[in-house]
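Observations on the model geometry
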Amino acid sequence: MDVSMTLWVLTIAGLSALIAVDFFIGRKPHDVSLKEAGIWTAVWIALAGLFGLGLLVFGGGPPAGEFFAGFITEKSLSVDNLFVFVLIMAKFAVPSQYQQRVLLVGVLIALVMRALFIAAGAAIIAGFSWVFYLFGAFLIWTAWKLIVEARTDEKEEEYKENKALKWAERRFGVADRYHGTKLWIRQNGKRVMTPMLVVMLAIGTTDVLFALDSIPAIFGLTQDPYIVFTANAFALMGLRQLYFLIGGLLKKLVHLSYGLSVILGFIGVKLVLHALHESGVHVPEISIPVSLGVICAVLTVTTVTSLLASSRQTAAEETQEQEQEQEREQERGGSLAKHNADA
């Protein structure tokens, strides 16, 4: 897709305006209700849909298909990332009314970092086509790792700070408590970071690790930097509202890791086939419509089976609690009968 510099500037300006509106709406600290989160999640998805339709009208079917496949993939991966965001919020004991501000700035940092990753990835791909082999192998390895972690239940239960964050804390110091939405304060005559800034940096820098699989994944669906960037942008910018909307449902998505592993493995195979094709080997390539269909089907099956499994687990736990309560009632009844007999 031939994208002019003017279109790039207009797109970035439009996305910046949307971010500004989002920041204006969330500028006042408050607890985000499910209704508010649901409305704005729908708004962001609708905006992504309109953008994709615009690509369809002005760019044709292939760019639009690539955008929707990339957007759905990035959105799915971002849902898995919310698990870590929950752990970060708990680690730093972020007050509920400040969480939306943390997510907004953290996601903004992540968006800038991903733009740099995308630019670097596009430059590497343009100069070295063999990098598709590396991307494909990495995604297949990541898919296998997700399956192993899911089967052994190795998900982290506590967030561990990365080296960059620890360095910043040592270098600048951290205040002992939150000071509203302030990022810096003077404490004992020294300018130090507040926990608010630390947790924002934690969200932003942690996303760099997430980009290690999400960026190769979307480059497996399209090599157009414009589509890669816009799909990532729309997937990330609705992440704040999605956090509050499905925060309580995350634990119910018990099969999400399996679904993501299938998607990443599928895209990894697609990348390897594409690399072979570029090398002159006659192998079939997987089209975007097929990719989009596989991604949507896997996510649908994963969601349905997750909710069914969670429902069965909840029912089993309730049955177990009822049985335990009945046993306690019988024990109390037996003790009372014995006491009356002794009397």
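The text that follows walks through the structure, step by step, so that each part is easy to find. (Residues numbered from 1 in each chain as written. Predicted model: local features only at pLDDT ≥ 70, side-chain atom pairs only at ≥ 80, totals over all residues. Heavy atoms only, no water.)

**A short note on the overall build of the protein chain**
Let me state the cut-off plainly: Secondary structure elements are defined from DSSP: runs of H or I of at least 4 residues count as helices, runs of E of at least 2 residues count as strands, and each element is numbered from the N terminus. Three labels apply to residues, based on accessible area from a 1.4 Å probe with only protein chains included: buried if under 20% of the type maximum, exposed if over 50%, partly exposed otherwise in between. By definition, residues are in contact when any of their heavy atoms lie within 4.5 Å. Values of accessible area rely on a 1.4 Å probe in the Shrake-Rupley scheme; residue burial ignores everything except the protein chains shown. None of His or the chain ends enter the tally, which takes Lys and Arg as positive and Asp and Glu as negative. Every charge is mapped onto a representative atom, which is NZ of Lys, CZ of Arg, CG of Asp or CD of Glu.
Within the protein chain, the regular secondary structure consists of 11 helices and 2 strands. If you list the helices and strands of the protein chain from N to C, you get α-α-α-α-α-α-β-β-α-α-α-α-α. By its C-alpha atoms, the protein chain is 95 × 60 × 35 Å across when sized along the principal axes. By the burial criterion, 42% of the 343 residues in the protein chain qualify as buried. Counted over contacts in the protein chain with a minimum sequence separation of 6, partners at least 24 positions apart contribute 78%. Entry remark: accessible area of the protein chain is about 18,200 Å², with carbon and sulfur atoms responsible for 64%. Taking the 28 positively charged and 30 negatively charged side chains of the protein chain as two groups, their mean positions are separated by 11 Å.

**What to know about the pattern of salt bridges**
This is how it is decided: Just to be clear on terms, a salt bridge is a Lys or Arg side-chain nitrogen sitting within 4 Å of an Asp or Glu carboxyl oxygen.
Per the stated rule, a full pass over the model turns up 1 salt bridge. For R114, the salt bridge goes to E74, with nearest N and O atoms at 3.1 Å. Placement of the pair is R114 in helix α4 (residues 99-127) and E74 in helix α3 (residues 61-91), with a sequence separation of 40 residues.

**Description of helix α10 (residues 256-278)**
The condition that has to hold: What a helix is expected to span follows from its residue count: subtract one and scale by 1.5 Å.
Here α10 spans 33 Å end to end across 23 residues, near enough to the 33 Å set by a 1.5 Å rise per residue. Looking one or two places after α10, you find G280, whose phi comes out positive at around 95°.

**Remarks on the layout of surface pockets**
Once rolled over the atoms, a probe with the size of a water molecule shows which space is left empty. To keep things clear, this is the line we draw: Detection works on a 1 Å grid of protein atoms alone, calling trapped sets that fit a 1.4 Å probe cavities and calling open sets with protein on both sides within 12 Å along at least five of seven lines pockets, with lining residues defined by an atom within 4 Å of a point. Grid points are joined across faces, edges and corners, and a volume is the space filled by probe spheres set on the points. Charged residues are taken to be Asp, Glu, Lys and Arg, nonpolar residues to be Ala, Val, Leu, Ile, Met, Phe, Trp, Tyr, Cys and Pro, and polar residues to be all remaining types, Gly included.
Here the second largest pocket defines a volume of roughly 390 Å³. Contributing to the lining of the second largest pocket are 13 residues, with S76, V79, I246, L253 and T303 lying nearest its centre. Only α3, α9 (239-246) and α11 (288-342) provide two or more residues apiece to the lining of the second largest pocket. The residue makeup of the lining of the second largest pocket, split by class, is 9 nonpolar, 3 polar and 1 charged.

**Looking at the packing of aromatic side chains**
Put simply, the rule is: Classification of ring pairs rests on two measures: the distance between centres of Phe, Tyr or Trp rings, Trp counted by its six-membered ring, which must be within 6.5 Å, and the angle between planes, read as stacked under 30 degrees, edge-to-face over 60 and tilted in between. Only Lys NZ and Arg CZ are tested; either one counts as a charge over a ring when it is within 6 Å of the ring centre and within 35 degrees of the ring normal.
Within this structure, the stated rule accounts for 11 aromatic pairs. Ring centres of F51 and F67 lie 5.1 Å apart, and the angle between their planes is 55°; this geometry places the pair in the tilted category. With F51 in helix α2 (residues 34-59) and F67 in helix α3, this pair connects stretches of sequence that are 16 residues apart. The same class applies to F51 as to F67, namely buried. Members of the aromatic cluster, each reached through a chain of ring pairs, are W8, F51, F67, F68, F71, Y226, F229 and F234. Of note, R171 hangs over the ring of F172, and the distance from its end group to the ring centre comes to 5.0 Å. Between the NZ or CZ atom of R191 and the centre of the ring of W184, over which it lies, the distance is 4.6 Å.

**Considering the nonpolar core**
Condition: By nonpolar core is meant a set of buried Ala, Val, Leu, Ile, Met, Phe, Trp, Tyr and Cys residues that side-chain atoms within 4.5 Å join together.
Counting residues in hydrophobic clusters, the biggest one holds 83 residues, and the most contacted among them are F67, F85, F92, V94, V102 and F219. Take this core: its biggest share by element is 13 residues, from helix α7 (residues 195-219). With residues near it in sequence (within four places) discarded, F67 still touches A48, F51, G52, L55, I227, T230, A231 and F234.

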